[in-house]
Amino acid sequence: MLIIDKNNLTASVEEIVNSVKVFDIHTHLYPESFKDLFLYGFDELVTYHYLIAEALRVKEIPYTDFFALSKKEKADFIYDTLFVERTPISESCIGVLTTLNELGLDINCRELDVFREHSKNYSRKEYIDLIFEKANIKKVVMTNDPFDDDEYNFWKNNVELDEHFNSSLRLDYLLNDFRSARYLLIKMGYNVTTSLIGLTKNEIKRFLVDWIKKTKSIYMAVSLPPDFTLPENSTRSILIEDCILEVSYEMNVPFAMMIGVKRQTNPELSIAGDSLGKANIETIEYLCKKYNRNKFMVTMLSRENQHELTVLARKYRNLFIFGCWWFLNNPTLIKEITTIRIELLGLSFMPQHSDARVLDQLIYKWKHSRRIIADVLIEKYGKLLNLGWVLTYEKIQEDVERLFGKNFDDFLLMEL
Ligand code: RAT
Ligand code: ZN
């Protein structure tokens, strides 16, 4: 048993936080069996939509001209704009550099073909192993959308699964665009009418059960707009309250709500055109209270929602809060949000997920987050030491394992 004191605190926490294997509970990654949906390598890294938004802000080129470029041309354009003409100082730019550095590449070489060639030295399988090892990842959760044509076909053809990639059933289309989803459900063999009567509800529940089983999803998920409200008289509310929550309870598959996204604030920016707004915390309160035997996972996109969400998590153990989502995945906000959560909840939450869309991003997203989470922990453990509390290396290791995965495993197993 190693006793922690002021002299070994920083090094011990850093060592523990860096060596713990992460369970990354929300990504947009796929294993190699999903062919073109499996994104990796330099061009994908640099054409990440976070960087598209930054590059198109400063270069006066019609959006349509940019989106007409090939992947490689887009990468050249973004690299020239953000890394050559300017200093790559934003979080997403620094992320690219952290990733290249960790892969052993010289970030100052500026030879994009050298960067491009790197991933080609590996088979796809080897590259996944390499990135998982560098990022120190145990498992990731995919975002699996049966309403997406390409993805649907993989599942229909019994795509091969990989034990390092868990699934989650994504229901944006169903909940945010039911009219269109209805046609797809009919095509998939479910007898769904426009009016949400008993038969249609049963068919939707049948769809959910079938697809949770088919994809082996460990939770269902949806992203929702800032004005998401329950209870209300709407198709979405019937779908959630009469279909999803029933299946969620019966199958012990939590319902994850990612709340606060304003889709297509600037449609010309395509996938980079989404924004955010403050959402209504009472909706979550209503759900946790009324459906107290159901499990809810929640992450919110607006900074303004973070404090009240954390307070609500103190009131309901069926509410699992996770991650610093998307526009919050920046050092300042991760630090602030993680500190608020620790101060109000101790260790009973999941501080981060990566949201990676490109395999290589796991490296920087986790390296950056680990650094900040370690700093927050060092400050808090320092306070305990000042009070004379006896801390051991093993106890800190347990704490960190909770934060980086065990809390979620426990939540899935919890009996309500
Ligand atoms: O972070 C992102 O890449 C966003 O575009 C979204 O995918 C978001 O994370 C989501 O899951 O809706
Ligand atoms: Zn996401």
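Basis of the calculations
- Residues numbered from 1 in each chain as written.
- Chains lettered and ligands numbered in written order.
- Predicted model: local features only at pLDDT ≥ 70, side-chain atom pairs only at ≥ 80, totals over all residues.
- Heavy atoms only, no water.
- Near = heavy atom within 4 Å.
- Polar contact = N/O pair within 3.5 Å; in protein donor to acceptor, adjacent residues only side chain to side chain.
- Areas by Shrake-Rupley, 256 points an atom, 1.4 Å probe, with all protein chains shown as cover.
- Nonpolar A, V, L, I, M, F, W, Y, C, P; charged D, E, K, R; others polar.
- Donors = N, O, S within 2.8 Å, 3.2 Å for Na, K, Ca; no water.
- Buried < 20%, exposed > 50% of the residue type's maximum accessible area, 1.4 Å probe, protein only.
- Axes fitted to C-alpha atoms, helices over the stretch in contact; angles between N-to-C directions.
- Helix = DSSP H or I, 4+ residues; strand = E, 2+ residues; numbered from the N terminus.
- Parallel < 35°, antiparallel > 145°, perpendicular 65-115°, else oblique.
- Left-handed = near helix turned anticlockwise from the far one by under 90°.
- Contact = heavy atoms within 4.5 Å.
- Patch = residues over 30% accessible without salt bridge, like charges linked within 9 Å, V, L, I, M, F, W, Y side chains within 5 Å.
- Salt bridge = Lys/Arg side-chain N within 4 Å of Asp/Glu carboxyl O.
- Pairing = 2+ DSSP bridges.
- Right-handed = clockwise from strand over helix to strand, strands pointing away.

Enquirer: I'd love a proper account of the site of ligand 1, names of residues and values included.
Expert: Contacts to ligand 1 come from H26, H28, H49, Y50, R170, R263, W325, W326, D355 and R357. Residue Y50 places a side-chain N or O atom 2.7 Å away from an oxygen atom belonging to ligand 1. A distance of 3.0 Å is found between an oxygen atom of ligand 1 and a side-chain nitrogen or oxygen belonging to W325. Starting from 300 Å² of accessible surface for ligand 1 in isolation, the protein chains cover 98%. Of the residues that constitute the shell around ligand 1, the class distribution is 3 nonpolar, 3 polar and 4 charged.

Enquirer: Can you explain the coordination of the zinc ion (ligand 2)? Please cite residues and give values.
Expert: Put simply, a metal with four donors set out as a tetrahedron has ideal angles of 109.5 degrees, and one with six donors set out as an octahedron has ideal angles of 90 or 180 degrees. The protein atoms that coordinate the zinc ion (ligand 2) are H26 (NE2), H28 (NE2) and D355 (OD), at distances of 2.0 to 2.1 Å. Sequence spacing among the residues donating to the zinc ion (ligand 2) works out to H-x1-H-x326-D. When its relative accessible area of 2% is taken as the criterion, H26 is described as buried. Taking the relative accessible area as the measure of exposure, H28 reaches 16% and is therefore buried.

Enquirer: Pulling in residues and values, what's your account of the packing of helix α14 (residues 281-290) against helix α15 (residues 306-315)?
Expert: Their axes nearest at 10 Å, the elements α14 and α15 cross at an angle of 15°. What the angle tells us is that α14 and α15 run roughly parallel. Of the two possible hands of crossing, α14 and α15 adopt the one that is right-handed. Taken together, the residues of α15 that come into contact with α14 (itself represented by I281, I284 and E285) are E308, L309 and L312. Here the residues of the contact of α14 with α15 sort into 4 nonpolar, no polar and 2 charged.

Enquirer: An account of a nonpolar patch on the surface is needed here, citing residue identities and associated values.
Expert: Taken together, the side chains of M1, I3 and V390 present a nonpolar region at the surface, about 360 Å² in accessible area. In this structure, V390 sits in the loop between α17 (361-387) and β11 (391-392).

Enquirer: Explain the sheet that holds strand β4 (residues 165-170) to me, using residue names and the numbers behind them.
Expert: Across the sheet, which stays open at both edges, the 7 strands sit in the order β2-β3-β4-β5-β6-β9-β10 with parallel pairing between neighbours. Looking at which strands have only one partner, the edges of the open sheet turn out to be β2 (22-24) and β10 (319-321). Averaged over neighbouring strand pairs, the angle between their axes works out to 25° when direction is ignored. As paired strands, strand β9 (residues 296-300) and β10 are joined by 3 bridges and run parallel to one another. The residue of β10 that forms the bridge with V298 is I321. Here α15 sits on the sheet and contacts β9 and β10; the angle it forms with β10, its principal contact strand, is near 140°. On the sheet, helix α18 (residues 393-413) packs against β2, β5 (217-224), β9 and β10 and is oriented at approximately 55° with respect to β2.

Enquirer: Describe the pairing of β5, and please don't skip the residues or the numbers.
Expert: Among the 8 residues that make up β5, 8 are buried, leaving the element largely enclosed by the rest of the structure. Of the pairings in the sheet, the one linking β4 to β5 comprises 3 bridges and is parallel in character. The residue of β5 that forms the bridge with R170 is A221. Here 5 bridges tie β5 to strand β6 (residues 255-259), and the two strands are oriented parallel to one another. When the sheet's bridge partners are listed, A221 is paired in β6 with A256. At this point the chain moves from β5, through helix α13 (residues 235-251), to the parallel β6, and the crossover so formed is right-handed.

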